[in-house]
Amino acid sequence: MFEPIEANYTPDGDDWKVEVTCRGKTLKATAPGLIAARDRADQLVEKLAPNEEIRTVVHTLEGDAVNFTATYLTARLGTEPPRQADEVTTPPAATGS
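Residues numbered from 1 in each chain as written. Predicted model: local features only at pLDDT ≥ 70, side-chain atom pairs only at ≥ 80, totals over all residues. Heavy atoms only, no water.

Caption draft 1: Expanded view of the nonpolar core. Ranked by size, the top nonpolar core spans 19 residues in total, and within it Tyr 9, Val 18 and Val 20 carry the most contacts. Secondary structure elements with two or more residues in this core: strand 1 (5–12), strand 2 (15–22), strand 3 (25–31), helix 1 (34–48) and helix 2 (65–77). Broken down by element, this core gets its largest block of residues, 6 residues, from helix 1. Beyond its immediate sequence surroundings of up to four residues, Tyr 9 is in contact with Trp 16, Lys 17, Val 18, Leu 34, Ala 37, Arg 38, Ala 41, His 59, Thr 60, Leu 61, Glu 62 and Phe 68. (Core = buried A, V, L, I, M, F, W, Y, C linked by side-chain atoms within 4.5 Å. Buried < 20%, exposed > 50% of the residue type's maximum accessible area, 1.4 Å probe, protein only. Helix = DSSP H or I, 4+ residues; strand = E, 2+ residues; numbered from the N terminus. Contact = heavy atoms within 4.5 Å.)

In structure tokens:
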């Protein structure tokens, strides 16, 4: 039966912890930054499922896949972190001409 592999990331000061779980087995590692942690997760997946033809890995940041994606892309692209939904900005008031 197909079972996805889960890679969960947790910030640890300036470093990141990553925990990869597959079929009841878990491997853990620490890396200096989220991009390095993502690369390390790929290495752990290879150790846990070396002969899998198709591997589906779900990456999560403290259990949240959407948050991981946003945070990872921010780190990868070097952009500002995304705003939270409750951080609504108001455009400046228009001045009359």
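Read on for the rest.
Caption draft 2: Layout of the side chain of His 59. Note on placement: His 59 falls in strand 4 (residues 57–61). Of note is the side chain of His 59, whose polar atom sits 2.8 Å from the side chain of Tyr 9. Look past the residues within four positions of His 59 in its chain and what remains in contact with it is Ala 7, Tyr 9, Arg 38, Ala 41, Ala 65 and Phe 68. (Polar contact = N/O pair within 3.5 Å; in protein donor to acceptor, adjacent residues only side chain to side chain.)

Caption draft 3: Broad picture of the pairing of strand 1. Relative to strand 4, strand 1 runs parallel, the two sharing 5 bridges. Residue pairing in the sheet places Ala 7 in a bridge with His 59 of strand 4. When strand 1 meets strand 2, the two strands line up antiparallel, connected through 7 bridges. Within the sheet, the bridge partner assigned to Ala 7 lies in strand 2 and is Val 20. Connecting strand 1 to the antiparallel partner strand 2 that follows it, the hairpin turn spans 2 residues, and Gly 13 within it adopts a positive phi of roughly 70 degrees. (Pairing = 2+ DSSP bridges.)

Caption draft 4: The packing of helix 1 against helix 2, seen in detail. Packing of helix 1 against helix 2 leaves a shortest axis separation of 9 Å and a crossing angle of 115 degrees. Contacts between helix 1 and helix 2 involve Leu 34, Ile 35 and Arg 38 from the first element and Phe 68, Thr 71, Tyr 72, Ala 75 and Arg 76 from the second. Residue composition of the contact of helix 1 with helix 2, by class: 5 nonpolar, 1 polar and 2 charged. (Axes fitted to C-alpha atoms, helices over the stretch in contact; angles between N-to-C directions. Nonpolar A, V, L, I, M, F, W, Y, C, P; charged D, E, K, R; others polar.)

Caption draft 5: Quick peek at unusual backbone geometry. Of note, the phi angle at Arg 23 is positive, near 50 degrees, even though the residue is not glycine. Position of Arg 23 relative to the elements: it lies in the loop between strand 2 and strand 3. Located in the positive-phi region is Glu 62, a residue other than glycine, with phi close to 50 degrees. Judged by its relative accessible area of 54%, Glu 62 is exposed.

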